[in-house]
Amino acid sequence: MRHTDHGYGPGDRGTTLGPPAYAEWGYRYWRQLSDGCVLVGGMRHRARAEEVGTVCLPTATIQTFLDGELRDLGVSAPVGHRWAGIMGFSPDGLPLAGPLPSSPGVLLLGGYTGHGMGFAVHAARGLVAHLVDGTPIPRWLDPARAPGPGAVV
Ligand SMILES: Cc1cc2nc3c(=O)[nH]c(=O)nc-3n(C[C@H](O)[C@H](O)[C@H](O)COP(=O)(O)OP(=O)(O)OC[C@H]3O[C@@H](n4cnc5c(N)ncnc54)[C@H](O)[C@@H]3O)c2cc1C
C-alpha cells in the first residue's frame, strides 16, 4: 500500500503548530521543525482502493488532501518536497521474520505494516538470534504462524 508525506517550507515562520499531532487513528499527521518546516502526511484511508499497489509515486488524490490539510493548518509556504513509498502489510498486523516455509534457504524480514520504526529492531533481533545461535524464531514473528488468505508462506 502506498503512503505519502509532504515537506513544506522552510520559511513560513509565522505559523506555529505546536507539538507533532496525529488524527483519525494516525492516518493523518503533521509536525513542525524548529526552522519552521512543516511535514504533513497520511490520508490514504480517504482513498483506500486507489492507494493499494506498488507504484512508488504520490497520487493526485492524496496530494489534494495534503494540500488542503496545509491550508487548514494555516501554512502558506511553498511545497519543498513530495514523496511516497510502499509499505508491506501482514495479514495479522505483526511483522514477519524467519525462514519462508515454501522456499527453503530464503529468510524474510519485513511486513512491518507501516510501523518499521517500532517493529524492525525487534524483528531483526529475533532473526539474528536465530541465525547466530539457532534460537527458535518467536511465534509472533514466524512467517509460518498464520497461513490463510494473504498470508506469506
Ligand atoms: C512515506 C512513509 C512514511 C513512513 N513513516 C513511518 C514512520 O513515521 N514510522 C514508522 O515506524 N514507519 C514509517 N513508515 C514505514 C517504514 O518506512 C517501513 O515499515 C519500513 O521502512 C519497512 O522496512 P523494510 O526494510 O521492510 O522495507 P524498505 O525500507 O522499503 O526497504 C526495502 C529495500 O529493498 C530495496 N529493494 C526493493 N526491491 C529490490 C530488488 N529487487 N533488489 C534489491 N533491492 C531491492 C529497496 O530499494 C529498499 O531499499 C513510513 C513509510 C512511508 C512510505
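To start, this report covers the structure provided alongside it. (Residues numbered from 1 in each chain as written. Predicted model: local features only at pLDDT ≥ 70, side-chain atom pairs only at ≥ 80, totals over all residues.)

### Considering the overall build of the protein
- When helices and strands are tallied, the protein shows two helices and seven strands.
- Each helix and strand of the protein, placed in order from N terminus to C terminus, yields the pattern β-β-β-β-α-β-β-β-α.
- For the protein, with 153 residues in total, the buried portion stands at 22%. (Helix = DSSP H or I, 4+ residues; strand = E, 2+ residues; numbered from the N terminus. Buried ≥ 20, exposed ≤ 12 C-beta atoms within 10 Å, placed from the backbone.)

### Here we look at the nonpolar core
- Judged by nonpolar contacts, Trp30, Val38, Val40, Met43, Ile62, Phe65, Leu66, Leu70 and Val75 together constitute the single largest core of nine residues.
- Listing elements by their share of this core, those giving two or more residues are β4 (38–42) and α1 (60–73).
- For this core, the leading source of residues is α1, giving four residues.
- Look past the residues within four positions of Phe65 in its chain and what remains in contact with it is Met43 and Arg46. (Core = buried A, V, L, I, M, F, W, Y, C linked by C-beta atoms within 7 Å. Contact = placed C-beta atoms within 7 Å.)

### Digging into the environment of Ala21
- Summarising the element assignment, Ala21 is placed in strand β2 (residues 21–23).
- For the pair Ala21 and Arg31, spaced 10 residues apart in sequence, the C-alpha to C-alpha distance is 6.4 Å.
- The contacts of Ala21, once residues within four sequence positions are left out, are Tyr29 and Trp30.

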